[in-house]
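So the chains spell out like this:
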Amino acid sequence: MNILEQEKVLLQGLAANDKKAVEAIYRENYLTIQSFIVKNNGYPDDARDIFQEAMIVLYEKVSTGSFELTCQIKTYLYSVCRRLWLKRLQQMQRYNPSAESVDEIVPVEEELDVHEKRNADLILMENALNKIGEPCKSLLEAYYLQKKSMPEIAKFFGYTNSDNAKTQKYKCLVRLKKIFFAQYKNGV
Amino acid sequence: MDDTLLLDAIERYKRDEMTAQEKKFFEEMRKNNPDIDQMAVEHTFFLNELERLEQRKSYKHTLDEVENTLVNEGIISKKQIKGRAKLIYLWSRYRKTIAVAACIAAIVSISTATIVSMYSETKQATNLTPLVNFKLNELNGKINQIKNKIDSATAAMPVKPKFAAQFSATGFLIDGNGFIATNAHVINNAKNLVVENKKGDQFIAIPVYVNKATDLAILKITDTTFKKITALPYSIPIASAELGEHIFTLGYPRDEVVYGEGYLSAKSGYSGDTASYQISISVNPGNSGGPVINKNGEVIGIISSKETNADGVVFAIKSRNIYKALEEIKTSQLIKLPAAAAIKGLDRVHQIKKIEDCVFMVKGN
């Protein structure tokens, strides 16, 4: 297997949230990123945040299925981290022009804009989930995320039968959607 | 519960749990009913978001686990840097900033030093206006002379011949026995000196102390017609006044006593002269020698000069110079400075009423 094929396997593993694949990528790339950030006015903790953010960007990209590998993983991760870090530096008004390096990078600006929008949407969802409170939150999570069956849920949450649980779930869902879309449409 | 059923259908469709027949029916319904289609789109989007959140969470969990593994293996070092290592780390991190800061500091200090030395050389004693009213010399003097002639010719009983002054300034009593403080530049080269109170009574005075360096002079009224003032309303402190103190002055820029108000703007005077204050007040020629009084009725200084190029920049001799002067002449003159200010706590109008008896116009020729 050449490098490209190996990386394809790694990315497939990443898309499936396979711990081994994640670990391999982490091992391969983390120290490069850390030394880049520490050299450019950052602490090791900053490196951790930036690297994990970049890993999420990569994950989002591969898990949509449309990802074509146009460069090596390390180039991609380095480009994303570099962009994220320069942006962070600018926000802290510590922009360091020496970061304009000659290292190989690929353009990632547009992808990061998409990523930011996605992040914002997910935050909306998380906030909405936190707002509906318990037991609604657990009820919805059990049904939609853990994919539990209605009889199971009725037993776990103490409803007399699965029809009752279903009615409850429906009420909770309506509330969650109302909160989510109110914020979502405001934001857009 | 139409909506419940509908949502249920949407979810089942999304999960691909429908039979072929149901699927066909559902797709048909969406096609014919835009409301239902809209709802289906919205709900699918919503469920996808919900799932994405969950995926993101579990992926983050994986990332954290991996990170933990690597930290345990020692591949990632999360240890806080301490001691000397930290110093070196911070140095290497900030050395560019430090270098830039040092350069700026160097440039600023050099240029400031240059500017300061340039200005202090050129400005030596060029921009000061002594506040003596010499205009009298030109016009008023002549008028006075004519007047005097007329007076002496017409007046039946002239008390005293009017004094032909070439200049006028201000002075104030520092001892009720007739000792008056004024500026040295006021009485410079004057042959005769008289002091005049606000009623117009004139008394002959002689200088008993002149110090051109501090610009302080002390006159003594020798006229026997002068009535002693037993208690002066103000005091003269030896201590330094505070920045920002409100001050006022009385003086004779014209024939009438004039009141002026301002504040103490610096504890040193022209070119950093520590024997005087910089005050901000509106004064005119003739105010020289006037007392600078604070709200407690303490004479903190004596107006001496103003900067020619700047408005409201006035310099006043610090009151402690009076003490120095007294120390120097104590063998020949016994002067007792007022100890307490009787006008402390009075409102300004009453303060002025008491002070104006002690402020004199100093004239000479």
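Keep in mind it's a predicted model, so treat the numbers as computed, not measured.

K.L.:
Would you take a moment to explain the nonpolar core for this structure?
P.N.:
Generally speaking, a soluble globular protein has its nonpolar side chains buried in company with each other. Counting 59 residues, the largest nonpolar core has B:Ile180, B:Val195, B:Val292 and B:Ala316 as the members making the most contacts within it. Look past the residues within four positions of B:Ala316 in its chain and what remains in contact with it is B:Ser276, B:Tyr277, B:Ile279, B:Val292, B:Gly301, B:Ile302, B:Ile303 and B:Ser304. Among the nonpolar cores identified, the runner-up in size contains 33 residues, and A:Ile33, A:Ala47, A:Tyr76 and A:Trp85 belong to it.

K.L.:
I keep staring at the interface of chain B and chain A and nothing clicks. Help me out?
P.N.:
Interface size is commonly expressed as the accessible area that is lost once the parts come together. Contact with chain B, which involves 23 residues of that partner, is made by 23 residues of chain A. Tallying contributions element by element places helix H3 (residues 34–73) of chain B first for the side of chain B that touches chain A, with 18 residues.

K.L.:
Help me understand the pairing of strand S4 (residues 193–196) of chain B, please; the structure alone is not making it clear to me.
P.N.:
The side chains of a regular strand alternate, first on one face of the sheet and then on the other. Residue and element names in this part refer to chain B. Relative to strand S5 (residues 202–211), S4 runs antiparallel, the two being bridged by 4 bridges. Paired with Glu 196 across the two strands is Gln 202, which belongs to S5. Examined bridge by bridge, S4 and strand S13 (residues 359–364) share 4 bridges and lie antiparallel to one another. Along S13, the bridge assignment pairs Val 194 with Lys 363.

K.L.:
Help me out: how do you make sense of the packing of helix H6 (residues 136–145) of chain A against helix H7 (residues 150–157) of chain A in this one?
P.N.:
The packing of two helices is summarised by the inter-axis angle and the distance between the axes. All names here are of chain A. Where H6 meets H7, the axes come as close as 10 Å, and the angle between the chain directions of the two elements is 155°. When the axis of H6 is compared with that of H7, the two are roughly antiparallel. At the point where H6 passes H7, the crossing takes the right-handed sense. Residues Leu 139, Ala 142 and Tyr 143 of H6 form the contact with H7, whose participating residues are Ile 153, Phe 156 and Phe 157. For the contact of H6 with H7, the residue count by class is 6 nonpolar, no polar and no charged.

K.L.:
What should I look at first to understand the sheet that holds strand S6 (residues 216–221) of chain B in this one?
P.N.:
Neighbouring strands of a sheet are bound in pairs by backbone hydrogen bonds; such pairs are parallel or else antiparallel. Residue and element names in this part refer to chain B. Around the barrel, 6 strands lie side by side as S2-S3-S6-S5-S4-S13; this closed barrel has antiparallel pairing. Averaged over all pairs of adjacent strands, the angle between strand axes in this sheet comes to 40°, irrespective of strand direction. Inspection of the sheet shows strand S3 (residues 179–183) paired to S6 by 5 bridges, in the antiparallel sense. From the neighbouring strand, Phe 179 faces S6, where its bridge partner is Lys 220. Each of strand S2 (167–175), S3, S5 and S6 touches helix H8 (residues 320–329); the most contacted strand, S5, lies at about 90° to it.

K.L.:
Looking at this model, I keep getting lost on the confidence of the model for chain B. Mind explaining?
P.N.:
In low-pLDDT segments, the atomic positions of the prediction should not be examined closely. Residues of chain B with pLDDT of at least 70 account for 85%, and the chain-wide mean is 82. The secondary structure element of chain B with the lowest average pLDDT is helix H5 (residues 135–138) of chain B, at 62, and the one with the highest is strand S10 (residues 291–294) of chain B, at 94.

K.L.:
Honestly, helix H1 (residues 3–15) of chain A in this entry has me stumped. Any pointers?
P.N.:
Along an α-helix, residues three or four positions apart point the same way, because every turn accommodates 3.6 residues. Residue and element names in this part refer to chain A. Between the first and last C-alpha of H1 there are 18 Å, a value that for 13 residues agrees with the 18 Å anticipated at 1.5 Å per step. For H1, the complete set of buried residues consists of Glu 7, Leu 10, Leu 11 and Leu 14. The buried residues of H1 occupy an angular sector of 100° when projected down its axis, which confines them to one face. Residues Glu 5 and Gln 12 are exposed on H1 and point more than 90 degrees away from its buried face. The inward-facing, buried residues of H1 abut helix H2 (19–39), helix H3 (44–63) and helix H4 (73–91). Phi for Asn 17, located one or two positions after H1, is positive at around 55°.

K.L.:
Is there a simple way to think about the pairing of strand S8 (residues 258–266) of chain B in this case?
P.N.:
Residue and element names in this part refer to chain B. Direction of pairing for strand S7 (residues 246–251) relative to S8: antiparallel, over a ladder of 6 bridges. Bridged to His 246 within S8 is Tyr 263. Pairing geometry for S8 and strand S9 (residues 276–281), over 4 bridges, is antiparallel. Considered in S9, the bridge of Tyr 263 is made with Ser 280.

K.L.:
What should I look at first to understand H3(A) in this one?
P.N.:
Taking 1.5 Å of rise per residue, the 20 residues of H3(A) would be expected to cover 28 Å, and the 28 Å separating its terminal C-alpha atoms lies within 8% of that figure. The set of residues buried in H3(A) consists of A:Ala47, A:Arg48, A:Ile50, A:Phe51, A:Ala54, A:Met55, A:Val57, A:Leu58, A:Tyr59, A:Glu60, A:Lys61 and A:Val62. Packing partners of the buried residues in H3(A) comprise H1, H2, H4 and helix H5 (109–132) of chain A together with H3 of chain B.

K.L.:
I keep staring at the environment of B:Ile204 and nothing clicks. Help me out?
P.N.:
All names here are of chain B. Of note, Ile 204 is situated in strand S5. Its 18 C-beta neighbours within 10 Å are what place Ile 204 among the partly exposed residues. Separated by 22 residues in sequence, Ile 204 and Phe 226 place their C-alpha atoms 9.3 Å apart. In this structure, Ile 204 is in contact with Val 194, Thr 222 and Asp 223, ignoring residues within four places of it in sequence.

K.L.:
I'm lost on unusual backbone geometry in this one. Help?
P.N.:
Residue and element names in this part refer to chain B. Look at Asp 215: it is not a glycine, yet its phi comes out positive at around 65°. Topologically, Asp 215 is positioned in the loop between S5 and S6. You will see that Ser 271, though not glycine, has its phi angle at about 55°, which is positive. In this structure, Ser 271 sits in the loop between S8 and S9. For Ser 271, a count of 13 C-beta atoms within 10 Å translates into the label partly exposed.

Thresholds, definitions, all that
- Residues numbered from 1 in each chain as written.
- Chains lettered and ligands numbered in written order.
- Predicted model: local features only at pLDDT ≥ 70, side-chain atom pairs only at ≥ 80, totals over all residues.
- Core = buried A, V, L, I, M, F, W, Y, C linked by C-beta atoms within 7 Å.
- Buried ≥ 20, exposed ≤ 12 C-beta atoms within 10 Å, placed from the backbone.
- Contact = placed C-beta atoms within 7 Å.
- Helix = DSSP H or I, 4+ residues; strand = E, 2+ residues; numbered from the N terminus.
- Pairing = 2+ DSSP bridges.
- Axes fitted to C-alpha atoms, helices over the stretch in contact; angles between N-to-C directions.
- Parallel < 35°, antiparallel > 145°, perpendicular 65-115°, else oblique.
- Left-handed = near helix turned anticlockwise from the far one by under 90°.
- Nonpolar A, V, L, I, M, F, W, Y, C, P; charged D, E, K, R; others polar.
- pLDDT = per-residue confidence, 0-100.
- Expected span 1.5 Å × (residues − 1).
- Arc of directions from axis to C-beta.

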